[in-house]
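Close look at the chain arrangement
So the chains spell out like this:
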Amino acid sequence: MTTLLVGSLAALLATLLITRATRRIRQSGRGFRTHAKRFTSHSAGSDEAALLDAIARQVRSGSSLTSAFIEETQASSPLADIIGRLNAGCSLGDALATVETHDADLAFTVQALAASAHLGGPVAATLDEAAAVLRERAAAGDERRAHGSQARLSARVLTIVPVAFAVWSALASQRTRDVYVTTLAGSMCAACGLALNLIGWRWMKLIMSPARS
């Protein structure tokens, strides 16, 4: 009777875990679709892309590239220090050459501005194209994060469910417990199964890590 009660409780617990995991996967899928609809608006909020758009508008209205840069660059911007060099008489191209950054988007923005300052030509169109590239980068990053979130949830489910099923089987059946505990083959199978489960979890984690994306 006790074994039956324990087995029933274990079955109920496993069912609840699986149901909850399935619900979270479905919610993650809906969240991904909603998140995908917001890619454009989120990307349009990129500080660097907004700065390039604002400078391009000023250039179209007749301002020089240097004047537009000074007017549109906020005090909180990483490029604000350049304004002091410009006011001291340094050219925009030379001032931008002193910028050192590890941020890929900021480095791309500096490169686009420096190229426009040195080469001239259709400056506004060049900056518009650079802003579009930054938005595409932001959208691609959002998409990778959304897919990664759903994949991580699936990895957790694939890791937890086999363990939950094994525990359920052991609690519900005296014979299963005897095989796991009293026989060498059963103990080795349980140990190998647990080891393979952990290896699989680690493998999936490595695949989903940013370095492999």
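Residues numbered from 1 in each chain as written. Predicted model: local features only at pLDDT ≥ 70, side-chain atom pairs only at ≥ 80, totals over all residues. Heavy atoms only, no water.

This paragraph deals with the overall build of the protein chain. Helix and strand counts for the protein chain come out as 10 helices and zero strands. For the protein chain, the α and β elements follow one another from N to C terminus as α-α-α-α-α-α-α-α-α-α. Every one of the 213 residues in the protein chain was classed for burial, and the buried ones make up 29%. Put simply, 62% of the contacts in the protein chain that link residues at least 6 apart link residues at least 24 apart. (Helix = DSSP H or I, 4+ residues; strand = E, 2+ residues; numbered from the N terminus. Buried < 20%, exposed > 50% of the residue type's maximum accessible area, 1.4 Å probe, protein only. Contact = heavy atoms within 4.5 Å.)

On to the confidence of the model for the protein chain. This prediction gives the protein chain a mean pLDDT of 78; 76% of its residues lie at or above 70. Contacts of residues 35–45 to residues separated by more than four positions or lying in other chains number 10 contacts, the stretch itself having pLDDT below 50. (pLDDT = per-residue confidence, 0-100.)

Within the span of helix α4 (residues 65–72), buried status applies to L65, A68 and F69. The arc that holds every buried residue of α4, seen down its axis, measures 100°, which confines them to one face. (Arc of directions from axis to C-beta.)

Tallied over the entire structure, the rule returns one aromatic pair. With 5.6 Å between their ring centres and 85° between their planes, F165 and W168 make a pair best called edge-to-face. Of the two residues, F165 and W168 are both situated in helix α8 (residues 123–172); the distance of three residues between them amounts to about one turn of the helix. By relative accessible area, F165 is classed as partly exposed at 48%. Here the basic side chain of R137 rests over the ring of F108, its NZ or CZ set 4.8 Å away from the ring centre. (Phe/Tyr/Trp six-rings, centres within 6.5 Å; stacked < 30°, edge-to-face > 60°. Lys NZ or Arg CZ within 6 Å of the ring centre and 35° of its normal.)

If you walk through the whole model with that rule in mind, you get three salt bridges. Of the charged contacts in the structure, one is a salt bridge between R60 and D128, with a shortest N-O distance of 2.1 Å. Within this pair, whereas R60 is found in helix α3 (residues 47–60), its partner D128 is found in helix α8, the two being separated by 68 residues in sequence. Between R137 and D105 there is a salt bridge, and its shortest N-O distance comes to 3.5 Å. Placement of R137 in helix α8 and of D105 in helix α7 (residues 104–119) is noted, with a sequence separation of 32 residues between them. Overall, R137 belongs to the partly exposed group, its relative accessible area being 37%. (Salt bridge = Lys/Arg side-chain N within 4 Å of Asp/Glu carboxyl O.)

Attention shifts here to the environment of L106. Locating L106 in the fold gives a position in helix α7. Given a relative accessible area of 8%, L106 falls into the buried group. Separated by 59 residues in the primary sequence, L106 and D47 place their C-alpha atoms 9.2 Å from one another. Look past the residues within four positions of L106 in its chain and what remains in contact with it is E48, P78, L79 and T101.

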